[in-house]
Amino acid sequence: MIVYVRDNNVDQALRVLKKKMQREGTFREMKRRRHYEKPSERRARESAEAARRLRKLQRKQAQREGLL
């Protein structure tokens, strides 16, 4: 990941970096890796994330079709 510092404006570059990391899920990944996660917890988390993504996709499709 590359962030350019323009005109010695480090604060702006940090904001851009944080936004990029947030968008890519890096913060969530670091938080998740702080402690050991049992395989059963991992499966449950991944299943919940998949269900959340599916609901979001269905909500967007319904909105596009004019149902919401």
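Overview of the structure. (Residues numbered from 1 in each chain as written. Predicted model: local features only at pLDDT ≥ 70, side-chain atom pairs only at ≥ 80, totals over all residues. Heavy atoms only, no water.)

1. Details of a positive patch on the surface
Together, Arg28, Arg52, Arg53, Arg55, Lys56, Arg59, Lys60 and Arg64 make up a region of like positive charge exposed at the surface. Per-element accounting of the positive patch gives the leading share, seven residues, to helix α3 (residues 39-65). Take arginine 53: it is sitting in helix α3. By relative accessible area, which is 55% here, arginine 53 ends up exposed. (Patch = residues over 30% accessible without salt bridge, like charges linked within 9 Å, V, L, I, M, F, W, Y side chains within 5 Å. Areas by Shrake-Rupley, 256 points an atom, 1.4 Å probe, with all protein chains shown as cover. Salt bridge = Lys/Arg side-chain N within 4 Å of Asp/Glu carboxyl O. Lys, Arg positive; Asp, Glu negative; His and termini not counted. Charge placed at Lys NZ, Arg CZ, Asp CG, Glu CD. Helix = DSSP H or I, 4+ residues; strand = E, 2+ residues; numbered from the N terminus. Buried < 20%, exposed > 50% of the residue type's maximum accessible area, 1.4 Å probe, protein only.)

2. A short note on unusual backbone geometry
Phi angles above zero are rare outside glycine, and aspartate 7 is one such case at about 55 degrees. Inspection of the secondary structure assignment puts aspartate 7 in the segment before α1 (10-24). Classification of aspartate 7 as exposed rests on a relative accessible area of 78%. Its identity as a non-glycine residue notwithstanding, asparagine 8 has a phi of 60 degrees, on the positive side.

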